[in-house]
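# Results of the structural survey
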Amino acid sequence: MNLPQELRYRPYEDWTKEEIKNIRENVERSPWHATYHIEPKTGLLNDPNGFSYYKGKFQLFYQNWPFGAAHGLKSWVHTESKDLVHFKETGIILKPDNPHDSHGAYSGSAYEINDKLFLFYTGNVRDKNWIRHPLQIGAFMDKKGHITKCKNVLIDQPEDVSEHFRDPQIFNYKGQFYAIVGAQNHAKQGFIKLYKALNNDVLHWQFVGDLDFGGKASEYMIECPNLVFVGDKPVLLYSPQGLSKSELHYDNIYPNAYKICQSFDTHTPALKGASDILNLDFGFECYATQGFNAPDGRVLTVSWIGLPDIDYPTDRYDYQGAMSLVKELQIKNGKLYQYPVEAVTSLRSSQEDFTSKSETNNCYELELQFKANSKTKLTLFADDKGNGLTILVDTSQGKILVDRSKAGEQYALEFGTTRSCTIEAKATSANIFIDKSIFEIFINKGEKVFTGRVFPQMNQTGIIINSGEATGKYYELKY
Ligand code: FRU
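An unreviewed UniProt entry lists the chain under the name Sucrose-6-phosphate hydrolase, with Streptococcus macacae NCTC 11558 as the source organism. Its UniProt record gives the chain a comment under Function (unreviewed entry), which states: "Enables the bacterium to metabolize sucrose as a sole carbon source."

Printed below as a string of structure tokens:
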């Protein structure tokens, strides 16, 4: 939503109790609240931040402007979880209250250091001419959730980058801390800078070099780069803004992409043997995915179900955006798989064989099988006229097509109303998670993923099998 800059950057303390109460009440009026996905209490949620493990719990923060559905003065909201399914939100924890983050505590990552959680993030600072000075800064969160910000800037804006320099990801590679930061050069090309913690001290960072990941630099900015290690393969997850469509086909305003690499050369520095760039998600909204190598050995990711620069039907209720389910990454036969963590099955509260249904509570999981050489069309969020979200699974041509043109309130129409991907022409499965206004579709247990939103009318709750055959289960989900 377009709101005036003065409003978006109004100091938090200037918002009156009355104004905040009105915003809260307006958020409550929305008919589209998710139940088992994280949504902002108020305002706009964007990137996942600081996904990590600390004091026996998973820590997950998100970017938030709490006063409406717009990108304003950003903070980090803190949540934590034992099972990665049930999250407890403790509130705004990292505020833009310091000269080094005066115009927003922007995205970043976290890692436990000496019994505290180190938060490595971007301080968005603008001077009186509204010129942006991006700073990479730090803070420590203790066990009680108290924040102590580091006095010094950890990484200053280098000479060869424009005002776009942000989203540090700290990671530990063979015992050494590194960080990658998304950047734009003065020729307006996106790239990634690699830093190394001097003597492994996260308060002192040394520039190693621009990371060669076999990119063509057709994007104008790389947001939220993340390097995770899946087995022995480095996987780079990133959000390349303005990427040329000759490099990668995508329909959303910006893609969320990845590359599987063969090795990480910390000296050159390079990700060697990088694959072509690939879409992480084929749906309508998935961005700024953040991943980390968890201490239990899993590689975990979570995505923002939303996109920059898009208006949503929830904007009129003063909120926008949600977090995806937490997904685990695996590589099988050289392919990346993303699938919700096992604990998601704990949401299943009842089970039935899959059939058409005139009514559901739009809060369920379908686990479906489609035979080889078949074409099946399903409609979810269906009303009695047959409108809804259609999913076509064509195992003869090897194609999946998701169409939301007849599902609920329309938006972002300039980016089209269908999304598709190819699959191998053979028997196929789909696990489909529906949560009021969110869908996450996992084909063949995560070989391909479609994440997106629909904003159904009150009567759009049915399931129709329009043609073909799908067998499997319907599970009602309960948070
Ligand atoms: C990506 C992003 C980041 C930035 C943050 C600000 O969505 O633009 O690059 O740090 O959002 O909220």
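In this structure's numbering, the residues bearing the UniProt feature "domain: Glycosyl hydrolase family 32 C-terminal" (unreviewed entry) are residues 349-471. Helix makes up 0% of residues 349-471 and strand makes up 52%, while its end C-alpha atoms are separated by 20 Å.

Another aspect to go through is the site of the ligand. Residues in contact with the ligand, as listed here, are Asn46, Asp47, Gln63, Lys74, Tyr106, Ser107, Arg166, Asp167, Glu223, Tyr287 and Trp304. Between an oxygen atom of the ligand and a side-chain N or O atom of Gln63, the distance comes to 2.6 Å. A distance of 3.1 Å separates an oxygen atom of the ligand from a polar backbone atom of Ser107. Compared with its free state, where it exposes 320 Å², the ligand has 92% of that area covered by protein. Every element with two or more residues in the shell around the ligand is listed here: strand E1 (43-54), strand E5 (105-113) and strand E9 (161-173). Of the residues contributing to the shell around the ligand, the split by class is three nonpolar, three polar and five charged.

Glancing now at the environment of Asp296. Structurally, Asp296 is set in the loop between strand E19 (287-293) and strand E20 (299-305). A distance of 2.9 Å separates the side chain of Asp296 from the side chain of Arg298, its partner in a polar contact.

Taken together, the four strands give an open sheet; going across it, the order is E5-E6-E7-E8, and neighbouring strands pair in antiparallel fashion. What marks the edges here is a single partner per strand, and that holds for E5 and strand E8 (147-149). Here the average twist between neighbouring strands, direction ignored, is 30 degrees. Note that E5 and strand E6 (residues 116-126) share seven bridges and pair antiparallel. Residue Ser109 lies in a different strand from E6, and its bridge partner there is Phe120.

So, on to unusual backbone geometry. Working note: non-glycine residues mostly have negative phi, and peptide bonds are mostly trans. Backbone torsion omega between Thr268 and Pro269 reads -15 degrees, so that peptide bond is classified as cis. Unlike most non-glycine residues, Trp130 shows phi in positive territory, near 65 degrees. Tracing the backbone shows Trp130 in the loop between E6 and strand E7 (132-141). Its identity is not glycine, yet Asp309 carries a phi of approximately 60 degrees, on the positive side. Locating Asp309 in the fold gives a position in the loop between E20 and strand E21 (319-320). A relative accessible area of 54% places Asp309 in the exposed class.

Here the focus is the sheet that holds strand E27 (residues 375-382). Strand-to-strand pairing in sheets goes through backbone hydrogen bonds, with the strands running parallel or antiparallel. The five strands are arranged E30-E29-E28-E27-E34 in an open sheet whose pairing can be described as antiparallel. Both outer strands of the open sheet, strand E30 (418-422) and strand E34 (462-467), are each paired with one neighbouring strand and no more. Sheet twist, expressed as the mean angle between neighbouring strand axes with direction ignored, is 15 degrees. Taken together, the four bridges between E27 and E34 define a ladder with antiparallel strand orientation. Within E34, the position partnered with Ala382 by the bridge is Gly462.

Before going further, it helps to examine the side chain of Ser437. Of note, Ser437 is situated in the loop between strand E31 (428-435) and strand E32 (438-443). Within the local environment of Ser437, its side chain forms a polar contact with the backbone oxygen of Trp32, the two atoms lying 2.8 Å apart. Aside from chain neighbours lying at most four places away, what touches Ser437 is Trp32, Gly452, Arg453, Val454, Phe455 and Pro456.

Counting across every chain of the model gives 35 aromatic pairs. Measuring from ring centre to ring centre gives 4.8 Å for Tyr53 and Phe58, while their planes differ by 65 degrees; the resulting arrangement is edge-to-face. With a centroid separation of 5.8 Å and 75 degrees between ring planes, the pair formed by Tyr178 and Phe264 is classed as edge-to-face. Here Tyr178, found in strand E10 (residues 176-185), pairs with Phe264, found in strand E16 (residues 263-265); they are 86 residues apart in sequence, far enough to count as distant. Ring-pair connections join several aromatic residues into one group, and the members of that group are Trp32, Tyr312, Tyr317, Tyr411 and Phe455. Positioned above the aromatic ring of Tyr474 is the side chain of Lys357, whose terminal nitrogen or guanidinium carbon lies 4.6 Å from the ring centre.

The next thing to look at is the pairing of strand E13 (residues 221-230). For E13, the tally of buried residues reaches 10 of 10 residues, placing the bulk of the element in the interior. Two strands pair when backbone bridges link them, and E13 and strand E14 (residues 233-241) are joined in this way by eight bridges, in the antiparallel orientation. In the sheet register, Asn226 faces E14, and the bridge partner there is Leu237. Between E13 and E14, which follow one another and run antiparallel, lie two residues, and Gly231 among them has a positive phi close to 65 degrees.

Under the local residue numbering, the UniProt record ascribes the feature "domain: Glycosyl hydrolase family 32 N-terminal" (unreviewed entry) to residues 37-340. Along residues 37-340 the backbone is 0% helical and 55% strand, and the end-to-end C-alpha distance reaches 12 Å.

Another point: the pattern of salt bridges. One pass over the structure, following the stated rule, counts 26 salt bridges. Across the pair Asp265 and Lys272 runs a salt bridge whose closest N-O atoms are separated by 3.1 Å. Asp265 sits in the buried class, given a relative accessible area of 17%. Residue Lys272 is classed as partly exposed on the basis of its relative accessible area of 41%.

The rules behind each value
- Residues numbered from 1 in each chain as written.
- Predicted model: local features only at pLDDT ≥ 70, side-chain atom pairs only at ≥ 80, totals over all residues.
- Heavy atoms only, no water.
- UniProt positions renumbered as here; feature names shortened; annotations may be inferred.
- Helix = DSSP H or I, 4+ residues; strand = E, 2+ residues; numbered from the N terminus.
- Near = heavy atom within 4 Å.
- Polar contact = N/O pair within 3.5 Å; in protein donor to acceptor, adjacent residues only side chain to side chain.
- Areas by Shrake-Rupley, 256 points an atom, 1.4 Å probe, with all protein chains shown as cover.
- Nonpolar A, V, L, I, M, F, W, Y, C, P; charged D, E, K, R; others polar.
- Pairing = 2+ DSSP bridges.
- Axes fitted to C-alpha atoms, helices over the stretch in contact; angles between N-to-C directions.
- Buried < 20%, exposed > 50% of the residue type's maximum accessible area, 1.4 Å probe, protein only.
- Contact = heavy atoms within 4.5 Å.
- Phe/Tyr/Trp six-rings, centres within 6.5 Å; stacked < 30°, edge-to-face > 60°.
- Lys NZ or Arg CZ within 6 Å of the ring centre and 35° of its normal.
- Salt bridge = Lys/Arg side-chain N within 4 Å of Asp/Glu carboxyl O.

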